[in-house]
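# Observations on the three-dimensional arrangement
What follows is each chain in one-letter form.
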Amino acid sequence: MNKHKFETDAIRNQMPASQNQEHSAPLYLTSSFVFNNAEELRAAFNEENDAFIYSRYGNPNTDEFVAKVVQMEGAEAGISTASGMAAIYASFMALLSSGDHVISCSSVFGATHTIFTKYFPRLGIKHSYFNADDPSSIEALIKPETKFIYLETPTNPAIEVIDLELVGHIAKKAGLLLLVDNCFATPFLQKPIEYGADIVIHSATKYMDGQGRVLGGVVVGRADLIREIYLYNRITGASLSAFNAWVLSKSLETLSIRMERHCENALQVAKFLEGKPGIKKVKYPFLESHPQYDIAKKQMRAGGGIVAFSLSGGLEAGAKFMDNLSMIKISPNLGDSRTIATHPASSTHCKLTEEERLAVGIDDGLIRISVGLEHIDDIIADISKAISNSIK
Ligand SMILES: *Cc1c(COP(=O)(O)O)cnc(C)c1O
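Residues numbered from 1 in each chain as written. Predicted model: local features only at pLDDT ≥ 70, side-chain atom pairs only at ≥ 80, totals over all residues. Heavy atoms only, no water.

## So, the pattern of salt bridges
A pair can form between side chains of opposite charge whenever their charged atoms are brought close. Rules: In what follows, salt bridge is the name for a side-chain nitrogen of Lys or Arg lying within 4 Å of a carboxyl oxygen of Asp or Glu. A run of H or I in DSSP counts as a helix once it spans at least four residues, and a run of E counts as a strand once it spans at least two, with each numbered from the N terminus. Using a 1.4 Å probe on the protein chains alone, a residue whose accessible area is under 20% of its type maximum counts as buried, one over 50% counts as exposed, and one in between counts as partly exposed.
The tally for this structure, following the rule as stated, stands at 14 salt bridges. The partner of lysine 298 in a salt bridge is glutamate 165, with the nearest N and O atoms 2.9 Å apart. Highlighted residues: lysine 298 in helix 12 (residues 293-299) and glutamate 165 in helix 7 (residues 164-174), separated in sequence by 133 residues. You can call lysine 298 partly exposed: its relative accessible area is 39%. When its relative accessible area of 35% is taken as the criterion, glutamate 165 is described as partly exposed. Within the structure, one salt-bridge network assembled from shared partners comprises Glu39, Arg42 and Glu48.

Rendered as structure tokens:
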């Protein structure tokens, strides 16, 4: 399916021009489409052709965005959704029934964790967690009711790397589906389908947009599974807007060059932090000190744009670090052209006790930096100043 290299297809794979011969794909802001007669309408509803019907079902812009991601991930088919969480929830609801069980890595995105712990029990769906640093423990968690294995790699915010090849083998051997949230790596750095993933999910809000403008989600993978997820999402209504799809398609044209720079800057930030006074540890997949460095090298083209590090001063030093940043902003987003910092212990994970935080890999002094596209000298200068002021 790939005619050219990743970078070329990302730009050249776009919807065919209309009779107006646009060079850049136009935006179709229309909620519905018109039929010339009853027979055309019948054929469209009967799926005898690809005619657009209503934008909750699909739209030229959402189709274009999905086609680009399908090609990038090497998938058979895909669907788009209103956000990353809509993509995750629709995938779960389309593939699971009451009584089913799923196995997930314990360090998942916060809202995904809430689906497992708050909403699954209401539906009679069970889950078990495995530790990202020990995926071989999955085998012992498999039950007759287990439907799929779910994971993110690298994980958030601890930046652990999970061996996709190993988990792919475990899933295949046990006849389980494998679902991967590939948000942190993007298809430019890592293609889970090559390791046996059946479904790959993205929050397009992050690196796919890459400029902090729109929400979006996308699910790609095996055509029969995608069909079920598509039907669920089209019925329950979390459809991606045509405008957001149009923005995202344009953004994907520059995904590779943005990711290259994110990774280059992040590696430099990680190297700068490693061994610095006041820093306990630095986690970045392409640092040799990373416990899963070899796995990261095997399955990722580069280390990604997120660096995590721990300040020895714990909670207080973490908060001080945040307050002493000037160019870098505090925001819960990531994958933006602007460098962003978060301190999980005083924000996303503040309701947990210190012990609970440690159990999910969050040290009280842990800072997560989503390294942006600014000049590396300015990024490092801001981080360096905030560290000096926080360890005083
Ligand atoms: C942000 C994020 C999500 C959720 O995506 P939204 O677009 O915010 O709904 C899911 N998984 C990961 C890893 C994320 O970073």
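## Some words on the sheet that holds strand 1 (residues 77-81)
For sheets, the rule is that strands pair by backbone hydrogen bonds, running either parallel or antiparallel. Keep this limit in mind: In short, DSSP must find at least two bridges between two strands for them to pair. Under this scheme, a helix contributes an axis fitted over its contacting stretch, all axes are lines through C-alpha atoms, and angles between N-to-C directions fall in the 0 to 180 degree range. For this analysis, residues touch if any pair of their heavy atoms sits within 4.5 Å.
Taking strand neighbours across the sheet as the criterion, the seven strands line up as 1-7-6-5-4-2-3 in an open arrangement whose pairing is mixed. Both edges of this open sheet fall to strand 1 and strand 3 (126-130), since each of them pairs with a single strand only. Ignoring which end each strand starts from, the neighbouring axes of this sheet average 20° apart. By the bridge criterion, four bridges tie strand 2 (residues 101-105) to strand 4 (residues 146-152) in an arrangement that is parallel. Looking at strand 4, one finds that histidine 101 is bridged to threonine 146. Here helix 4 (residues 84-95) sits on the sheet and contacts strand 1, strand 4, strand 5 (177-181), strand 6 (199-203) and strand 7 (217-221); the angle it forms with strand 6, its principal contact strand, is near 150°.

## Notes on the packing of helix 4 against helix 9 (residues 223-236)
The criterion, for reference: Put simply, angles under 35 degrees are roughly parallel, angles over 145 are roughly antiparallel, angles from 65 to 115 are roughly perpendicular, and the rest are oblique. We call a crossing left-handed when the near helix sits turned anticlockwise from the far one by less than a right angle, and right-handed when that turn is clockwise.
Between helix 4 and helix 9, the shortest axis-to-axis distance is 8 Å and the interhelical angle comes to 110°. Considered as vectors, helix 4 and helix 9 are oriented roughly perpendicular to each other. As helix 4 runs across helix 9, the sense of the crossing is right-handed. Contact with helix 4, carried on its side by Ala86, Tyr89, Ala90, Ser91, Met93, Ala94 and Leu95, involves Leu225, Glu228, Ile229, Tyr232 and Asn233 of helix 9 and no other residues of that element.

## A short note on the nonpolar core
Using the following cut-off: Each nonpolar core is a collection of buried residues, namely Ala, Val, Leu, Ile, Met, Phe, Trp, Tyr and Cys, held together in the definition by side-chain atoms within 4.5 Å. For the purposes of this description, domain bounds are those given by an automatic or database domain assignment.
Counting 107 residues, the largest nonpolar core has Phe65, Phe92 and Phe321 as its most contacted members. Of the domains in this structure, domain 1 (6-252) and domain 2 (255-390) are the two that each give at least three residues to this core. Beyond its immediate stretch of four places on either side in the chain, phenylalanine 92 contacts Thr112, Ile115, Phe116, Phe120, Phe148, Tyr150 and Leu179.

## Brief notes about the state of the cysteines
As a reminder of what qualifies: By disulfide we mean two sulfur atoms from cysteines, separated by a distance within 2.5 Å.
Applying the stated criterion across every chain, the model contains zero disulfides. Left without a disulfide partner, cysteine 105 is nearest to the cysteine sulfur of cysteine 183, which lies 13 Å away.

## Observations concerning the site of the ligand
Rule in force here: Near residues are defined by distance, with any heavy atom within 4 Å of the molecule or strand qualifying the residue. By the criterion applied in these results, polar contacts are pairs of N or O atoms within 3.5 Å in which, for protein atoms, one can donate a hydrogen and the other can accept it, and in which residues neighboring in sequence qualify only through two side-chain atoms. Computed by Shrake-Rupley with a 1.4 Å probe, the accessible areas treat only the displayed protein chains as cover when residues are assessed.
Around the ligand, a shell composed of 13 residues is seen, among which Met85, Asp181, Ser203, Thr205 and Lys206 lie nearest. With respect to the ligand, the side chain of threonine 205 contributes an N or O atom lying 2.6 Å from an oxygen atom. Taking lysine 206, its side chain carries an N or O atom lying 2.7 Å from an oxygen atom of the ligand. Burial of the ligand by the surrounding chains reaches 91%, relative to a free accessible area of 380 Å².

## A word on the domain arrangement of the chain
Note the cut-off: Here the quantity called buried area is the accessible surface, traced with a 1.4 Å probe, that two parts lose on coming together, added over both.
Domain boundaries in the chain define domain 1 (6-252) and domain 2 (255-390). For domain 1 versus domain 2, the distance between C-alpha centres works out to 27 Å. The interface is formed by 34 residues belonging to domain 1 together with 35 residues belonging to domain 2. In this assembly, domain 1 packs against domain 2 so that about 3,000 Å² is buried in total across both faces, 59% of it on carbon and sulfur atoms. Our count for the domain 1 to domain 2 interface comes out at 19 residue pairs in polar contact (both at pLDDT 80 or more). Listing elements by their share of the side of domain 1 that touches domain 2, those giving two or more residues are helix 1 (6-12), helix 7, helix 8 (186-189) and helix 10 (242-252). Among the elements that take part in the side of domain 1 that touches domain 2, helix 8 stands out by supplying four residues, more than any other.

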